[in-house]
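Coordinate inspection notes
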Amino acid sequence: MGRGTPLSCLGPACCLLLLLGDYGALGSRGKQRGPLEERQSAVTEAAPWGRARYEAVKKQLGAVGALSKQYWQYLACKVWQEGCEKEEEEKTSRGPGWSLPLVGQDYLEILSAWYCSFGKCCKTGDCRIINNITGLELDLHEQLHGQHLAKEVVIRAVRGFLQSPQPQKALVLSFHGWSGTGKNFVARMVAAHLYRDGLKSECVRVFIALFHFPHHKYVDSYKVQLEKQISETVQLCEQSLFIFDEAEKLHSGLLDVIKPFMARSDKGQQDNRRSIFLFLSNIGGSAINEVALDFWRAGRAREEIPMELLEQQLRLEMLQLAENGYAHSRLLEENLVDFFVPFLPLEYHHVKLCARDAFLARGLPYTEAALDEVARMMVFVPKEEKLFSAQGCKSVSQRINYFIP
Ligand SMILES: *[C@@H]1O[C@H](CO)[C@@H](O)[C@H](O)[C@H]1NC(C)=O
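Rules behind the numbers
Residues numbered from 1 in each chain as written. Predicted model: local features only at pLDDT ≥ 70, side-chain atom pairs only at ≥ 80, totals over all residues. Heavy atoms only, no water. UniProt positions renumbered as here; feature names shortened; annotations may be inferred. Near = heavy atom within 4 Å. Polar contact = N/O pair within 3.5 Å; in protein donor to acceptor, adjacent residues only side chain to side chain. Areas by Shrake-Rupley, 256 points an atom, 1.4 Å probe, with all protein chains shown as cover. Nonpolar A, V, L, I, M, F, W, Y, C, P; charged D, E, K, R; others polar. 1 Å grid on protein atoms, 1.4 Å probe; cavity = no way out; pocket = protein on both sides within 12 Å on 5 of 7 lines; lining within 4 Å. Points joined across faces, edges and corners; volume = space filled by probe spheres on them. Helix = DSSP H or I, 4+ residues; strand = E, 2+ residues; numbered from the N terminus.

Going by what an unreviewed UniProt entry lists, the protein chain is known as Torsin-3A and is assigned to Gallus gallus. Under the UniProt heading Sequence similarities (unreviewed entry), the note attached to the protein chain is "Belongs to the ClpA/ClpB family. Torsin subfamily."

This is the structure:
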């Protein structure tokens, strides 16, 4: 929840609070209540509106289109201090035809709840979408360890995409790296900072290849489902996020379904819907590790590893796999990937940082010795150097359980 202006309000209940606060004069609600009280009462008041009632109101709304336009203008004026002059003008020129009390407070409340359920009363135009890029950047800096490239590429790509007034195609990012290096973590973070409800948002869909599409023989029905889910989400949300985990195991047929949603739309439609696709896979993980190891052996800092070198390696490896019909590789062949995001293997001190975060996240005190012990529980490879954690930071947060008194 933001602070300051009423616009920083994000939830539907909160939107409602703005409305209630502003035509409080119509009913029993006083205007003098503090923001916290209002928020609480808005929440409790929002609760009784069941789905059925919404639906009923939605039906009626067709008949009051003209009225609602006036009403929202009034609202915009009160809440955003926008378009007030216009409202005044129209009011005087049209005479007393439009007057709020006639409508009835109850009705207005339902109307506003309905309106806010679509989230149109938020700064982004949709309360479900928050696009907190600054927050994303901040949290990646603090919590994503050892991934200077991934951090930079993701922020640059997402920011550029969101700032572009009318992107020509969906943003497609391909995450590569060993397990435990942070691919899921970053995907989750993107969801959390772009959407109010994070991964639970109705605008965000996560597909895990082996979980959602486990049997090859059912590919045809998976295709139908997937197509339906993607198109429904795209219609429901002006900005959607699709995450495909274990993308290396995605059946080629499913990719055919996804492709049209990612491709450049050259139909010249004035559609400013946006979609972001994240494909997470461990393809290329070994190639990335080789590069990191070479740098270490040459006594160079991992931060010096250039993106170009890794991208080249990733392309090579993916093209080799493409010959075996890997769906994920076809993304590359068909030029659908906008950015490769390499995740480097994690070293001992990175694992310690993950352990520290895990303690902090649970509000537990920690000692340097405890962090060392957690890190020592991981297996490090290769055999001689014992440089990289074979599981990255995976399950580090569970491992701290041993150190809780
Ligand atoms: C953006 O994210 C940061 C970091 O998580 C958070 O502190 C801040 O309150 C968020 N801003 C909004 C407007 O949600």
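Having seen the structure, we can now continue with the description.
All right, on to the site of the ligand then. In the vicinity of the ligand, the contacting residues are Asn132, Gly135, Asp139 and His193. Here an oxygen atom of the ligand and a side-chain polar atom of Asp139 are 3.1 Å apart. Coverage of the ligand by the protein chains reaches 55% of its 360 Å² of free accessible surface. Residue composition of the shell around the ligand, grouped by class: no nonpolar, three polar and one charged.

Further remarks concern the layout of surface pockets. Quantified by volume, the largest pocket comes out at close to 980 Å³. Taken together, 33 residues line the largest pocket, and the ones lying closest to its centre are Gly182, Asn184, Phe185, Arg188 and Cys393. Secondary structure elements with two or more residues in the lining of the largest pocket: α8 (133-143), α10 (183-194), β4 (274-281), α17 (348-361) and α19 (396-399). Per-element accounting of the lining of the largest pocket gives the leading share, six residues, to α10. When grouped by side-chain class, the residues that make up the lining of the largest pocket number 11 nonpolar, 12 polar and 10 charged.

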